[in-house]
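# Tertiary structure, described
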Amino acid sequence: MNPTLKCSCPARGALRPVALAEALLAAQCGDCGGMLMGMDDWRAWKAGDEDRVPHAVDDEIIEVFDATGVRHCPECERLMQRLRVSAGPDFRIDRCVACQNLWFDKGEWRAIVSRGLAGRLDELLSDGWQRRLQTEEVREARLAALRRRYGDECIDELDRIRAWLDTQPHRDELLALLRAD
Ligand SMILES: [Zn+2]
């Protein structure tokens, strides 16, 4: 990676080499702590030796400093895409499609490692995964709205009844009975 790259944070810090894992180098900004990694470097790292891909760490709490604004690629200045890591109010990572670069804000790489996703970035960035997360996010927002409207107790009771109904062989008849006056 170009050694004269500057971060797009307000301090415009210089990006310096940093090891993300054994044999995986990225470039880190000394001011904001963000990191730029080439997907080609990641692919070579992953293909080299599966055993050096770090495993998930249970219950590790990681503070992530996700910048909410759009970011410019330090290499080509194009706008980077913001991609979900999981559904819900979580952080996003930035990708430059042209340069195949990923940007991790401070704490994001560590959070990815801790969730056991360090070796699955290609999957994480795929259209299928991103679409699934989006669908899940919509579903969760709808559920949260229902809970606000009817209250947790009501929705929990509804879930309990639904679960029970699903175990009944005559589920549809029972539902029809419920609706009949
Ligand atoms: Zn770029």
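Note that the structure is predicted; figures quoted are calculated from it, not measured.

Before going further, it helps to examine the coordination of the zinc ion. Working reference: metal with six octahedral donors, ideal angles 90 or 180 degrees; metal with four tetrahedral donors, ideal angle 109.5 degrees. Donor atoms from the polypeptide that bind the zinc ion are Cys-73 (SG), Cys-76 (SG), Cys-96 (SG) and Cys-99 (SG), placed at 2.3 Å. One can describe the site at the zinc ion as tetrahedral: its four donor atoms subtend angles covering 102 to 117° at the metal. Mapped onto the sequence, the residues coordinating the zinc ion show the spacing C-x2-C-x19-C-x2-C. Taken together, the positions of Cys-76 in the loop between helix H1 (39-48) and strand S4 (81-84) and Cys-99 in the loop between strand S5 (92-96) and strand S6 (101-104) put the pair 23 residues apart, joining distant regions of the chain.

Tallying each qualifying case throughout the model produces one aromatic pair. Measuring from ring centre to ring centre gives 5.3 Å for Phe-104 and Trp-109, while their planes differ by 55°; the resulting arrangement is tilted. Phe-104 gets classed as buried once you look at its relative accessible area, which sits at 0%. Look at Trp-109 and you get buried, because its relative accessible area is 6%.

Attention shifts here to the domain arrangement of the protein. By the assigned domains, the protein splits into domain 1 (15-131) and domain 2 (152-181). Placing a centre on the C-alpha atoms of domain 1 and another on those of domain 2 gives a separation of 44 Å.

The rules behind the values
Residues numbered from 1 in each chain as written. Predicted model: local features only at pLDDT ≥ 70, side-chain atom pairs only at ≥ 80, totals over all residues. Heavy atoms only, no water. Donors = N, O, S within 2.8 Å, 3.2 Å for Na, K, Ca; no water. Tetrahedral: all angles 85-135°; square planar, octahedral: opposite > 155°, others 65-115°. Helix = DSSP H or I, 4+ residues; strand = E, 2+ residues; numbered from the N terminus. Phe/Tyr/Trp six-rings, centres within 6.5 Å; stacked < 30°, edge-to-face > 60°. Buried < 20%, exposed > 50% of the residue type's maximum accessible area, 1.4 Å probe, protein only. Domains from an automatic or database assignment.

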